[in-house]
Structures are given as structure tokens and as C-alpha cells.
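Structure at a glance
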Amino acid sequence: ELPPSEFMQVADSTWLVLNVVSNGREPPGCQATGVTKIARSVIAPLAEHHVSVLMLSTYQTDFILVRERDLPVVIHTLAGEFDIYKEESGECVPVTCDDMSNGFLKPKPAASPTLHPVQSPQTRFCVLTVAPDTLPAIATMLIDVLFYSHSPPWEAATGSQDLDSITFFSFSLIEGYISIVMDAETQKRFPSDLLLTSSTGELWRMVRIGGQPLGFDECGIVAQIAEPLAAADISAYYISTFNFDHALVPEEGIAEVIQLLQQRQESSR
């Protein structure tokens, strides 16, 4: 419904949304949550089969977006580990490999992914939700933060590998559930009794992936971040955007995360 415009870029591919509801076969003792919980069972296998993914972690759950043309490969890759369903007229219907065999080609081995630089700004973030019926009470504030708050110049946002701060605000409305990621300073502008967070109220630090816009054709970007964190049982929210990827990790674990990612870079040289 958006009017055509020279100022709006649209990616060519159509994307489908996957949601991992549960995985009873996950090994006991796996404590990590977010993208790292599905790193071994979903993210890594898809990367190995050259499937590009976009990640959207929310307060409630995680969503994996895959290109529609890759769906046969996705089904064949994940069917051994998961029971897969598709939604038809509001009902969940089982999907089998046989249903998706038309047009399936055995994927070629994926090339080694580019090792992208990471940045870790000092900004502290909150992951929040709000009850839908209270949304009108903060609507004006949301609009102000989304569209009118000051943003740093493009050069400042992309030039330095040691950013002191970063402007990042994410608002998701999915089937009535609202998820918000904002920095701790911005949170102070909102009524504290309307924004709900986890019982621990923990703060998160960000690792931003990519020194330039990543594009959508490369696979393995999420895996190269999620797998080391999963091996260390570190939880992470992961949000892919048009230009960059962003991983949010618990504030107290940021030093360990930076060390893990530095070791990853050194070992690949």
C-alpha cells in the first residue's frame, strides 16, 4: 500500500517467516535463549545449505525469515530435526518433504562466509513489551522517538570501530504482541509503569555486525555470531536490518562476548 518513491528501497525477494515453537529434542542443560538457543538446530544447518536468513528476535519469541524460493531447501534441511507446519486458513497443517519436493535441488556446499567486522558501542539497551490496550498512552512518545528524535550523522554512525554510542530503536507488532528495544536513556522518557520487562530487569549491550551494508545474498552471517555464543551458553537477541545485523547480549557478559568474537577473527586469518 506504500506509494512508489525514489526514496524507498525494496529488496527483490519475498520472505517467509519461520517460528520455532519448541524443540523437545534439544539437549538438556542448554540454558541459552534467543538466537543462540536455535543456533545449532536451525541457524547452522541453514547456513551449511547456503540459505540466507534474516533474524528478528522479539520480547516474546524469535522469527527466522527465509526467501520464498529457498523454502524447499529449508524444509529438507530442517525436517529431520523438527515437525514442520504451515498455516492455512488459520489452521496448522503438517508439511512433509514430499510436499516440497517439486523444484528441490540438492544445494551446493556453501562457500566460507565473509568474516564481517563487529562494533560494540557503550550504549545499554532494554528489551520491553507493553500491553496493547495501553499503547495509546505512549503513542505520541513512540512517534517522537521513531521519527523526530535526533540521530547522529551517517559518518559518525559508520566510521569508527569504537563507537561510544549508537542510535537504535526497534518496535515490533506481531499478532497483537508488542516488542520494543530501546536504549536505557530513551526508556526514561516513557512512563515506567507501562513498559514491562523481565523480572530481572537486566540491561543488554549490542554487537553490531558489518562495516558496510550486508545485503541479502550472503549466508552464514547469523551463524558466525550465534554459534560461538551458543557454545558458551550466552543468550542473545538478534535483529537483522536492511543494512546491518545486531546482537544484544546481557550486559555482564559483554567482555566474554568480545573476547569470543576476537578469537573467531584471529582463528580465521
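Residues numbered from 1 in each chain as written. Predicted model: local features only at pLDDT ≥ 70, side-chain atom pairs only at ≥ 80, totals over all residues. Heavy atoms only, no water.

Here the focus is the overall build of the protein chain. The number of helices and strands found in the protein chain is seven helices and 12 strands. Taking the intrachain contacts of the protein chain between residues at least 6 apart in sequence as the baseline, contacts between residues at least 24 apart amount to 77%. (Helix = DSSP H or I, 4+ residues; strand = E, 2+ residues; numbered from the N terminus. Contact = heavy atoms within 4.5 Å.)

So, about the pattern of salt bridges. Within this structure, the stated rule accounts for five salt bridges. Note that Lys86 is salt-bridged to Glu88, the shortest N-O span being 3.2 Å. Looking at Glu88, the relative accessible area reads 38%, which means it is partly exposed. (Salt bridge = Lys/Arg side-chain N within 4 Å of Asp/Glu carboxyl O. Buried < 20%, exposed > 50% of the residue type's maximum accessible area, 1.4 Å probe, protein only.)

Further remarks concern the side chain of Ser13. Relative to the assigned elements, Ser13 resides in the segment before β1 (15-19). A polar contact is formed between the side chain of Ser13 and the side chain of Arg69, at a distance of 3.3 Å. Leave out the neighbours within four places in its chain, and Ser13 touches Arg67 and Arg69. (Polar contact = N/O pair within 3.5 Å; in protein donor to acceptor, adjacent residues only side chain to side chain.)

By the criterion of burial, strand β10 (residues 204-209) is predominantly enclosed, with six of the six residues buried. The alternating pattern of β10 places Trp204, Met206 and Arg208 on one face and Arg205, Val207 and Ile209 on the opposite face, and all of these are buried. Pairing of strand β6 (residues 118-119) with β10 involves two bridges; the strand directions are antiparallel. Bridge pairing links Val118 to Ile209 in β10. (Pairing = 2+ DSSP bridges.)

What follows is about the confidence of the model for the protein chain. Counting all residues, the mean pLDDT for the protein chain is 83, and 83% of those residues have values of 70 or more. For the stretch residues 24-30, pLDDT sits under 50, and the model shows eight contacts to residues farther than four places along the chain or on other chains. Within the model, the stretch residues 153-162 combines pLDDT values under 50 with 11 contacts to residues more than four positions away or in other chains. (pLDDT = per-residue confidence, 0-100.)

This paragraph deals with a nonpolar patch on the surface. Taken together, the side chains of Ile143, Leu146, Phe147, Tyr148, Phe171 and Leu173 present a nonpolar region at the surface, about 660 Å² in accessible area. Of all the elements, helix α3 (residues 135-148) adds the most residues to the nonpolar patch, at four residues. Along the chain, Ile143 falls in helix α3. (Patch = residues over 30% accessible without salt bridge, like charges linked within 9 Å, V, L, I, M, F, W, Y side chains within 5 Å. Areas by Shrake-Rupley, 256 points an atom, 1.4 Å probe, with all protein chains shown as cover.)

Another point: the environment of Ala39. Structurally, Ala39 can be placed in helix α1 (residues 39-48). The sequence separation of Ala39 and Pro228 amounts to 189 residues, and the corresponding C-alpha distance is 9.2 Å. If near-sequence neighbours (up to four positions away) are discounted, Ala39 is found in contact with Ala44, Pro45, Ala226, Glu227 and Ala230.

All right, on to the side chain of Asp183 then. Here Asp183 shows up in strand β9 (residues 177-183). Polar contacts involving the side chain of Asp183 include one to the main-chain amide nitrogen of Glu185, which spans 3.1 Å. When neighbours within four sequence positions are excluded, Asp183 is seen to be in contact with Thr123, Arg124, Phe125 and Phe168.

Turning to the nonpolar core, a few remarks are in order. Residues Val35, Leu46, Val222, Ile225, Leu229 and Tyr238 are the most contacted members of the largest nonpolar core, which totals 40 residues. If you list the elements that add at least two residues to this core, you get α1, β2 (53-57), β3 (62-67), α2 (71-78), β10, α6 (221-231), β12 (245-250) and α7 (254-267). Looking at which element gives the most residues to this core, the answer is α6, with seven residues. Beyond its immediate sequence surroundings of up to four residues, Leu229 is in contact with Thr36, Ile234, Ala236, Val249, Val257 and Leu260. One finds Leu142, Ile178, Ile180 and Ala184 within the second-largest nonpolar core, a separate group that totals 15 residues. (Core = buried A, V, L, I, M, F, W, Y, C linked by side-chain atoms within 4.5 Å.)

Our next topic: α3. With 14 residues, α3 should reach 20 Å at 1.5 Å per residue; the first-to-last C-alpha distance of 19 Å fits that figure. When the local axis directions of α3 are compared, the greatest deviation, roughly 35°, occurs at Met141. Among the residues making up α3, those that are buried are Leu135, Ile138, Leu142 and Val145. Packing partners of the buried residues in α3 comprise β8 (170-174), β9 and α5 (184-187). (Expected span 1.5 Å × (residues − 1). Bend = angle between axes of the 7 residues up to and from the residue.)

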